[in-house]
Amino acid sequence: MPAVYIKTYGCQMNERDSEAVAAQLTAKGYTLAPSEAAADVVLLNTCSVRDLAEQKALGKMAALIAETRHRRPNVVLGFLGCMAQSRGQELIDQLPDVDLVLGTQKFHHAADYLDEILSGSREKIVEVAEEDGSEATVREHLLDGRARKSVTAFVSIMQGCNQHCTFCIVPRTRGRERSRAIPDIVNECRDLVSRGVKEITLLGQIVTSYGKRDIPVKGGKSAFVQLLEAVHEIDGLERIRFTSPHPKGYGEDLIEAYARLPKLVEHAHLPAQSGSDRILKLMHRGYARERYVGIVEKLRRARPTIGVSTDIIVGFPGETQADFEETLSLARQVEFDQAFIFKYSPRRDTPAAGTTDQVPQEVREERNQVLLQTINEIAGRKYRGLVGRRVQILVEGPSRKNPARMTGRTRCNKIVVFDGSERHRGQLLDVNIIRAGSFTLYGDSDLPGED
Ligand code: 5AD
């Protein structure tokens, strides 16, 4: 049977989609190739959120074409996911050696389409139409390498976004919001837990809008909180995470859920995007800075050790130095544990891309550097503050940098590397933090703790 290699760009939803495609293909008898060079089929699962991500995938495909054209002309090449969705046929017009372009609502057809291409019954396939019910199709998991079981898993709960932030291409690549039913999601989570998973991350482009149109508010609880409660009931599940929420979805019911549901970890990824009210308005974010800060304060009151991470865009069109300083001041005020900073990248057919007051590239670059330094200083201080503390980690597997050591994650989403072994995989361990690096903690599980 053919061997397939899938390379993934972008967010956790893309990782999850790739995993589901890999599971679908292996169920049909395909094998997973260890590298592109050993593959009969190479699929790039793409990201469109910034131009850089698109250019990387396009460059990669051009290199694959150059490498395979003469020596391995039968290798099947495909684009999946967000860029496939937004560019469609255009990708084959640009790179005629590409065989398959499969959009975000069509992942579950990957095996059938590859069969058709490999058998020669169809030459090229471009499939980017909408499909009713596609939100419920990303269900298959690839968990069991024979010796090692996955401890953590992603579960897709909804697709799409109706928010229409003026910078963002996602409503175009992922479509309108569609949610899966609670029992369907709970069954998938239960099955994962029965296969050894201890931590589940619920995924969606805007999870706080989960079920808004289909599931009525019950006893003051939104559909998303009802879902959290239902997943929380699963015996054997230790931790629940979710990403990405929208700050304006943090109603009292969700804050209260943090106080009430112990499996919900002490971590919130709260994309702020900017600290300037003027820019937040232009971005169409639907909240002002004060409301954002209020949410963080309430979360910290509910869970004092909560880790707060964020996404910030610098150089949004019209962003002045004063606006940027508001963002710097937000970073100092909130003291994020981690922040992902993005230089604004104009995306096609988004309102902000068409405005005439684009910020020069070098200014975006400089603001990126300045903000990065501020974020790193604050986060560094926070990480060092954990040295000497005893924290619970869930051991995920060998450290990628140094496979002789093991790695786990704290409940507040910090990575801890420690001297452990395979037998620790899947265990909840208390470790003493003995050192802090940049965005990594080093732990020791043998020394007695301070508390
Ligand atoms: N330019 C730069 N960053 C962007 N993001 C989304 N769209 C853009 C864009 N056009 C960032 C936002 C979002 C994260 C996933 O990507 O910060 O939260």
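Look up a bit, the structure's there.
First, a word on what this report is: a plain description of the structure on this page. (Residues numbered from 1 in each chain as written. Predicted model: local features only at pLDDT ≥ 70, side-chain atom pairs only at ≥ 80, totals over all residues. Heavy atoms only, no water.)

Examining the pairing of strand β18 (residues 428–437)
Point 1. Here 5 bridges tie strand β15 (residues 390–398) to β18, and the two strands are oriented antiparallel to one another. Its bridge partner being in β18, Gln-392 is matched across the sheet by Asp-430.
Point 2. Alignment of β18 against strand β19 (residues 440–444), held across 5 bridges, turns out to be antiparallel. Of the residues in β19, the one forming a bridge with Ala-436 is Leu-441. (Pairing = 2+ DSSP bridges. Helix = DSSP H or I, 4+ residues; strand = E, 2+ residues; numbered from the N terminus.)

Describing the site of the ligand
Point 1. The environment of the ligand is made up of Val-49, Arg-50, Phe-167, Gln-273, Asp-311, Ile-313, Phe-342, Lys-343, Tyr-344, Ser-345 and Arg-347.
Point 2. One nitrogen or oxygen atom from the side chain of Gln-273 is found 2.7 Å from an oxygen atom belonging to the ligand.
Point 3. The backbone of Ser-345 places a nitrogen or oxygen atom 2.7 Å from a nitrogen atom of the ligand.
Point 4. For the ligand, whose unbound accessible area comes to 410 Å², protein coverage reaches 87%.
Point 5. Of all the secondary structure elements, the ones that give two or more residues to the shell around the ligand are β13 (307–314) and β14 (338–343).
Point 6. The residue inventory of the shell around the ligand, partitioned by class, reads 5 nonpolar, 2 polar and 4 charged. (Near = heavy atom within 4 Å. Polar contact = N/O pair within 3.5 Å; in protein donor to acceptor, adjacent residues only side chain to side chain. Areas by Shrake-Rupley, 256 points an atom, 1.4 Å probe, with all protein chains shown as cover. Nonpolar A, V, L, I, M, F, W, Y, C, P; charged D, E, K, R; others polar.)

Looking at the packing of aromatic side chains
Point 1. The full count for this structure, using the stated rule, is 8 aromatic pairs.
Point 2. Centroid distance Phe-224 to Phe-242: 4.9 Å. Interplanar angle 90 degrees. Geometry classified as edge-to-face. Residue Phe-224 is located in helix α8 (residues 223–232), and its partner Phe-242 is located in strand β11 (residues 239–243); the two are separated by 18 residues in the primary sequence. We note that Phe-224, like Phe-242, is buried.
Point 3. Relative to Phe-439, the ring of Tyr-383 lies with its centre 5.6 Å away and its plane at 75 degrees, an arrangement referred to as edge-to-face. (Phe/Tyr/Trp six-rings, centres within 6.5 Å; stacked < 30°, edge-to-face > 60°. Buried < 20%, exposed > 50% of the residue type's maximum accessible area, 1.4 Å probe, protein only.)

Comments concerning the packing of helix α1 (residues 12–27) against helix α5 (residues 110–119)
Point 1. It is the contact of α1 with α5, at a shortest axis distance of 9 Å, that shows an interaxial angle of 55 degrees. Comparing their axes, α5 and α1 come out oblique. When α1 is examined against α5, the residues Val-21, Gln-24 and Leu-25 are found in contact with a partner set consisting of Ala-110, Ala-111 and Leu-114.
Point 2. Split by residue class, the contact of α1 with α5 holds 5 nonpolar, 1 polar and no charged. (Axes fitted to C-alpha atoms, helices over the stretch in contact; angles between N-to-C directions. Parallel < 35°, antiparallel > 145°, perpendicular 65-115°, else oblique. Contact = heavy atoms within 4.5 Å.)

Some words on the nonpolar core
Point 1. Membership of the largest hydrophobic core comes to 61 residues, with the highest contact counts inside it found for Leu-202, Tyr-210 and Phe-242.
Point 2. Those residues in contact with Tyr-210 that lie beyond four places of it in its chain are Ile-157, Met-158, Ser-179, Arg-180, Ala-181, Ile-182, Ile-185, Ile-215, Ala-223, Phe-224 and Leu-227.
Point 3. If you look at the next biggest cluster of nonpolar residues, it comprises 23 residues, including Cys-47, Ala-57, Phe-79 and Val-98. (Core = buried A, V, L, I, M, F, W, Y, C linked by side-chain atoms within 4.5 Å.)

Some thoughts on the environment of Ile-200
Point 1. Examined against the element boundaries, Ile-200 turns out to sit in strand β10 (residues 199–203).
Point 2. Ile-200 gets classed as buried once you look at its relative accessible area, which sits at 0%.
Point 3. Separated by 42 residues in sequence, Ile-200 and Met-158 have C-alpha atoms that sit 15 Å apart.
Point 4. Contacts of Ile-200, omitting those with residues within four sequence positions, involve Ala-153, Val-155, Cys-189, Leu-192, Val-193, Leu-237, Arg-239, Ile-240 and Arg-241.

Here's the deal with the pattern of salt bridges
Point 1. Under the definition given, this model contains 39 salt bridges.
Point 2. For Asp-17, the salt bridge goes to Arg-174, with nearest N and O atoms at 2.9 Å. Linking Asp-17 in helix α1 with Arg-174 in helix α6 (residues 170–174), this pair joins segments that are 157 residues apart in sequence. With respect to class, Asp-17 is no different from Arg-174; both count as buried.
Point 3. For Arg-260, the salt bridge identified is with Glu-256, shortest N-O distance 3.0 Å. Remark: Glu-256 and Arg-260 occur in helix α9 (residues 252–260); sequence separation between them is 4 residues, near one turn of the helix. (Salt bridge = Lys/Arg side-chain N within 4 Å of Asp/Glu carboxyl O.)

Considering the layout of surface pockets
Point 1. For the second largest pocket, the calculated volume is near 410 Å³.
Point 2. Around the second largest pocket, the lining is made up of 18 residues, and of these Thr-305, Leu-386, Arg-389, Val-391 and Cys-412 lie nearest the centre.
Point 3. Sorting elements by how many residues they give to the lining of the second largest pocket places β15 first, with 3 residues. (1 Å grid on protein atoms, 1.4 Å probe; cavity = no way out; pocket = protein on both sides within 12 Å on 5 of 7 lines; lining within 4 Å. Points joined across faces, edges and corners; volume = space filled by probe spheres on them.)

Keep in mind these values describe shape, not function.
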